[in-house]
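So you can see what is in the structure, the chains are spelled out below.
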Amino acid sequence: MSMDMTTVGDTGLLDTLQHEVAVFARRAEQTRLGGVGQVRNSMDRAAYLLLNRLDKEGPMGVKALAASMGIDSSTVTRQVAPLVDTGLVKRTSHPEDGRAVVLQLSPRGTTRLEEVRSSRRQLMAELTHDWAPEEREQFCTLLTRFNSALSARMAVQGVPSAEQPPAS
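- Per an unreviewed UniProt entry, the chain goes by the name MarR family transcriptional regulator and belongs to Streptomyces sp. 900105245.

See the structure below:
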């Protein structure tokens, strides 16, 4: 779905928007929005998203986890292996089908995830310390809306959506 920029609005504003999104993506990747203190940069994006998903949705098989994250099973298998090796995720037998494997957050994984979340919350607080509460809320609303639009566009193109917004 292509749009003529004259129907969308000011091309200067759109140029600024695309540039700022590119800068944000680069800086987010460089810092991994890792938080502050000892926890900073200590968990990569893939690990954080997998642990967060298991925490929010509970134990599940590789296929279900892959589907919920919009990635393929081989990617989940590859990304979860180091999490199992470090004791953040446990592999257990499915309660109804002992042949199937279920992934779940271990107690160590739960603790580690909360440490990272806390550190990232602190970083967000520092970055937005001079913002009014309404500005923080508006930014969250707009960023969620932007991510939803990206997900919808990907779905139209046949690319699975990688993330759902976190539960409030």
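Moving on from the model shown.
## Focus: helix α7 (residues 133-156)
- Under the 1.5 Å per step criterion, the end-to-end length of α7 is 35 Å for 24 residues, consistent within 8% with the ideal 34 Å.
- Downstream of α7 by one or two residues, glycine 158 has phi in the positive range, about 85 degrees.

## A word on the pattern of salt bridges
- By the definition in use, this model includes 4 salt bridges.
- Glutamate 115 serves as the salt-bridge partner of arginine 112, at 2.9 Å between the closest nitrogen and oxygen. Taken together, the positions of arginine 112 and glutamate 115, both in helix α6 (residues 107-127) and 3 residues apart, correspond to about one turn of that helix.
- Of the residues examined, arginine 112 reaches a relative accessible area of 18% and is grouped as buried.

## Description of the side chain of serine 68
- Within the fold, serine 68 resides in helix α4 (residues 62-69).
- Reaching out from serine 68, the side chain makes a polar contact with the backbone oxygen of leucine 65 at a distance of 3.0 Å.

## Quick look at helix α3 (residues 45-57)
- The end-to-end C-alpha separation of α3 is 18 Å, in line with the 18 Å expected for 13 residues at 1.5 Å each.
- Taken together, the buried positions of α3 are Ala47, Tyr48, Leu50, Leu51, Asn52, Arg53 and Leu54.
- Contacts from the buried residues of α3 go to α4, α5 (73-85), β1 (89-93), β2 (101-105) and α6.
- Of the residues flanking the start of α3, the one acting as N-cap is aspartate 44, its side-chain oxygen 3.2 Å from the backbone nitrogen of alanine 46.
- Taken from the residues just after α3, glycine 58 is the one with a positive phi, measuring 85 degrees.

Parameters and conventions
Residues numbered from 1 in each chain as written. Predicted model: local features only at pLDDT ≥ 70, side-chain atom pairs only at ≥ 80, totals over all residues. Heavy atoms only, no water. Helix = DSSP H or I, 4+ residues; strand = E, 2+ residues; numbered from the N terminus. Expected span 1.5 Å × (residues − 1). Salt bridge = Lys/Arg side-chain N within 4 Å of Asp/Glu carboxyl O. Buried < 20%, exposed > 50% of the residue type's maximum accessible area, 1.4 Å probe, protein only. Polar contact = N/O pair within 3.5 Å; in protein donor to acceptor, adjacent residues only side chain to side chain. Contact = heavy atoms within 4.5 Å.

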